[in-house]
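Topology and contacts: notes
The chain contents come next:
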Amino acid sequence: MERNKELIDSLIKFQKLLNTHPDTVDSIPVFTNYIRSFLRIKPMGRTLPTIEVMTLLKQEKPQMFYLLKRHSKDDIMTMLTYLNMDYDQAQLKIERILQGEVIA
C-alpha cells in the first residue's frame, strides 16, 4: 500500500473536492488543476484509474463537467471528458484502491 500512497492520497483529495465544491462553472479550475496533478501520478503495479475518476466527476458534477467538456481548449482535457464507464463499477474500483487492494 505504501507504494501507492500518492495515488491513495490523490483519490482522497478527489473525494474531498467532490464533497466541498459546488456543481458550477466556478469549480472548473479546481477540478482541472486536480486532474492535471492526478495524471502525473505513476502508480506501482496498476494503471491509473483515470476512467473511474472522470466517470465519478461526470456523474457527481454534471453541470460543471458539461461546461468543462464544452469549453475546454486543451486536447488532453477534451479527450478525458469522453472517458466513461458504469458509475457503480467506477465507485467500487476507487473504494477498493482506497482500501489498499491491488487492482491492475
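Residues numbered from 1 in each chain as written. Predicted model: local features only at pLDDT ≥ 70, side-chain atom pairs only at ≥ 80, totals over all residues. Heavy atoms only, no water.

Before going further, it helps to examine the overall build of the protein chain. Looking only at helices and strands, the protein chain has 6 helices and 0 strands in total. Here the protein chain has a C-alpha radius of gyration of 13 Å; the compact-globule value for 104 residues is 13 Å, and the two agree. Reported as C-alpha extents along the three principal axes, the dimensions of the protein chain are approximately 35 × 25 × 25 Å. Relative to its 104 residues, the protein chain shows a buried fraction of 39%. Partitioning the intrachain contacts of the protein chain with sequence separation of at least 6 by distance along the chain shows that 73% fall at a separation of at least 24. A total accessible area of about 6300 Å² is found for the protein chain, and carbon and sulfur atoms account for 54% of it. Side-chain charges in the protein chain split into 15 positive and 13 negative, and the spacing between the mean points of these groups amounts to 4 Å. (Helix = DSSP H or I, 4+ residues; strand = E, 2+ residues; numbered from the N terminus. Rg over C-alpha atoms; globule rule 2.2 N^0.38 Å. Buried < 20%, exposed > 50% of the residue type's maximum accessible area, 1.4 Å probe, protein only. Contact = heavy atoms within 4.5 Å. Areas by Shrake-Rupley, 256 points an atom, 1.4 Å probe, with all protein chains shown as cover. Lys, Arg positive; Asp, Glu negative; His and termini not counted. Charge placed at Lys NZ, Arg CZ, Asp CG, Glu CD.)

Next up on the list: the nonpolar core. Considering soluble globular proteins, one finds that nonpolar side chains tend to be buried as a cluster. Among the nonpolar cores identified, the biggest contains 25 residues, and Leu 11, Phe 14, Tyr 34, Phe 38 and Leu 57 are the most heavily contacted of them. Residue contributions to this core peak at 6 residues, all from helix α1 (residues 5-20). (Core = buried A, V, L, I, M, F, W, Y, C linked by side-chain atoms within 4.5 Å.)

Before going further, it helps to spend a moment on helix α6 (residues 87-98). Here α6 is 12 residues long and its end C-alpha atoms lie 17 Å apart, about the 16 Å a rise of 1.5 Å per residue gives. Buried within α6 we find Ala 90, Lys 93, Ile 94 and Ile 97. All buried residues of α6 fall inside an arc of 100 degrees around its axis, so they share one side. Elements in contact with the buried residues of α6: α1 and α3 (50-60). Sitting at the head of α6, Asp 86 places a side-chain oxygen 3.3 Å from the backbone nitrogen of Asp 88. Phi for Gly 100, located one or two positions after α6, is positive at around 90 degrees. (Expected span 1.5 Å × (residues − 1). Arc of directions from axis to C-beta. Polar contact = N/O pair within 3.5 Å; in protein donor to acceptor, adjacent residues only side chain to side chain.)

Such coordinate-based values are descriptive only and should not be taken to indicate function.
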